[in-house]
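Here are the chains, one letter per residue:
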Amino acid sequence: MNLMGKRVAVLAEDLYEDQELWYPVLRLRAAGAQVQIIGSGSASRYHGKYGCPVDVDAAVADVADVDFDAVVIPGGYAPDKMRRYPEVLSFVRRAHERGKVVAAICHAPWVLISAGILKGRTVTGFSAIKDDLVNAGATFVDREVVRDGNIITSRRPDDLPAFGEAIIAALGEAETGDLSAVTEQTSAIDALRIAIRAEESAKAFYTQAMRRTKDPAAKNMFKQLAAEEERHREIIFKEYQHLTADPDWDRYGIWREVV
């Protein structure tokens, strides 16, 4: 699958699990994605549990979640360090709220716990953090890879091939801004995620068109269209936030179609 044009942030901190960082980086780059190593901000270079170094492309405080299609978090001891940085948690939380792919392996779901995004979700992870996941409101299952909406989790290095394929499949889907992906079986919350991405895709198109055209009238038209798509995204995003916080919200008690 060709992921040309997709941008992925891989988070890094000291004592990351070497394979769990480098396998996704190399696999996603081979698929055509642009991958950046994003550090917590504590250093410009980190070392894995087995000594493998990685230089970061940027600190998390200097990048925007909206610029990425996915966030990948490797395991090891690094997640316990990452979760201490509010900027890391905010980055992951905002990416999740925007419906971006958020993938975590081994101990990395610790970061998702601290970001407060696992309540009501089905996930997996290293067996030692099962209780932590359950106490955060998640349902734990022992499988090599689990996908629940935009959250993808795996257990250990042996699961990396399945983990990588799940991330690639999620990034390659429905150009997830395609509302034709919404069917009668689509849940309300997933439909809202797709709608948010549709608005973001439309805004990105109009913004690019505004930058490329030289005609003042056309430039102004595309500017207005981009602003309108952002207004739509904000309306849908508020619905999504409410429904995420209250899955039993009466407004979506009987879900039949996306209006």
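Refer to the structure printed above.
Residues numbered from 1 in each chain as written. Predicted model: local features only at pLDDT ≥ 70, side-chain atom pairs only at ≥ 80, totals over all residues. Heavy atoms only, no water.

1. Some thoughts on the nonpolar core
- Membership of the largest hydrophobic core comes to 60 residues, with the highest contact counts inside it found for Val-8, Leu-11, Leu-28, Ile-73, Val-92 and Leu-112.
- Considering every element that reaches this core, the biggest residue donor is helix α6 (residues 160-172), with seven residues.
- Residues Ala-188, Leu-192, Ala-195 and Trp-249 belong to the second largest nonpolar core, which totals ten residues. (Core = buried A, V, L, I, M, F, W, Y, C linked by side-chain atoms within 4.5 Å. Buried < 20%, exposed > 50% of the residue type's maximum accessible area, 1.4 Å probe, protein only. Helix = DSSP H or I, 4+ residues; strand = E, 2+ residues; numbered from the N terminus.)

2. Some thoughts on the pairing of strand β7 (residues 101-105)
- By the criterion of burial, β7 is predominantly enclosed, with five of the five residues buried.
- Both faces of β7 are covered, namely the face carrying Val-101, Ala-103 and Ile-105 and the face carrying Val-102 and Ala-104.
- Bridge count for strand β6 (residues 70-73) against β7 is four bridges, and the pairing is parallel. Residue pairing across strands places Ile-73 opposite Ala-104, the latter belonging to β7. (Pairing = 2+ DSSP bridges.)

3. Examining the pattern of salt bridges
- Under the counting rule described, the total for this entry stands at 14 salt bridges.
- Asp-159 is the partner of Arg-155 in a salt bridge, and the nearest nitrogen-oxygen pair spans 2.9 Å. Of the two residues, Arg-155 and Asp-159, both sit in the buried class. (Salt bridge = Lys/Arg side-chain N within 4 Å of Asp/Glu carboxyl O.)

4. Structural notes on the packing of helix α7 (residues 188-212) against helix α8 (residues 216-245)
- Axis separation between α7 and α8 bottoms out at 8 Å; the angle between their running directions is 160°. Here α7 lies roughly antiparallel to α8, going by the angle between them. The crossing of α7 and α8 is left-handed.
- The class makeup of the residues in the contact of α7 with α8 is 16 nonpolar, three polar and eleven charged. (Axes fitted to C-alpha atoms, helices over the stretch in contact; angles between N-to-C directions. Parallel < 35°, antiparallel > 145°, perpendicular 65-115°, else oblique. Left-handed = near helix turned anticlockwise from the far one by under 90°. Nonpolar A, V, L, I, M, F, W, Y, C, P; charged D, E, K, R; others polar.)

5. Quick look at the layout of surface pockets
- The volume enclosed by the second largest pocket comes to roughly 530 Å³.
- The wall of the second largest pocket is formed by 26 residues, among which Lys-119, Ile-189, Leu-243, Thr-244 and Ala-245 lie closest to the centre.
- Among the elements of the structure, α3 (86-97), α7 and α8 are those that each provide at least two residues to the lining of the second largest pocket.
- Counting residues per element, the lining of the second largest pocket draws most heavily on α8, at five residues.
- Among the residues forming the lining of the second largest pocket, the class breakdown is eleven nonpolar, eight polar and seven charged. (1 Å grid on protein atoms, 1.4 Å probe; cavity = no way out; pocket = protein on both sides within 12 Å on 5 of 7 lines; lining within 4 Å. Points joined across faces, edges and corners; volume = space filled by probe spheres on them.)

6. A few points about the packing of aromatic side chains
- Taken as a whole and judged by the stated rule, the model has five aromatic pairs.
- Members of the aromatic cluster, joined through ring pairs, are Phe-205, Tyr-206 and Phe-222.
- Its end group placed over the ring of Phe-68, Arg-7 keeps NZ or CZ at 4.9 Å from the ring centre. (Phe/Tyr/Trp six-rings, centres within 6.5 Å; stacked < 30°, edge-to-face > 60°. Lys NZ or Arg CZ within 6 Å of the ring centre and 35° of its normal.)

7. Looking at the pairing of strand β1 (residues 7-12)
- Counting buried positions along β1 yields five of six residues, so the element is predominantly enclosed.
- Direction of pairing for β1 relative to strand β2 (residues 34-39): parallel, over a ladder of six bridges. Paired with Ala-12 across the strands is Gly-39, a residue of β2.
- The parallel pair β1 and β2 is bridged by helix α1 (residues 18-30), and the resulting crossover is right-handed.
- Bridge analysis of β1 against β6 gives three bridges, and the strand direction is parallel. The residue of β6 that forms the bridge with Ala-9 is Val-71. (Right-handed = clockwise from strand over helix to strand, strands pointing away.)

8. Considering the environment of Ala-204
- Structurally, Ala-204 can be placed in helix α7.
- Under the relative-accessibility criterion, Ala-204 is labelled partly exposed at 48%.
- Through-space distance from the C-alpha of Ala-204 to that of Glu-230 is 9.7 Å; in sequence the pair is 26 residues apart.

9. Some remarks on α6
- Taking 1.5 Å as the rise per residue, α6 with 13 residues should run 18 Å; its terminal C-alpha atoms sit 18 Å apart, in good agreement.
- When we look at burial in α6, the residues that qualify are Leu-160, Ala-162, Phe-163, Gly-164, Ala-166, Ile-167, Ile-168, Ala-170 and Leu-171.
- In this structure, the buried side of α6 is in contact with β1, α1, β6, β7, β10 (145-148) and β11 (151-154). (Expected span 1.5 Å × (residues − 1). Contact = heavy atoms within 4.5 Å.)

10. Brief notes about the sheet that holds β2
- Strand order in the open sheet made by the seven strands is β5-β2-β1-β6-β7-β11-β10, with mixed pairing throughout. Single-partner strands in this sheet number two, and they are β5 (58-59) and β10.

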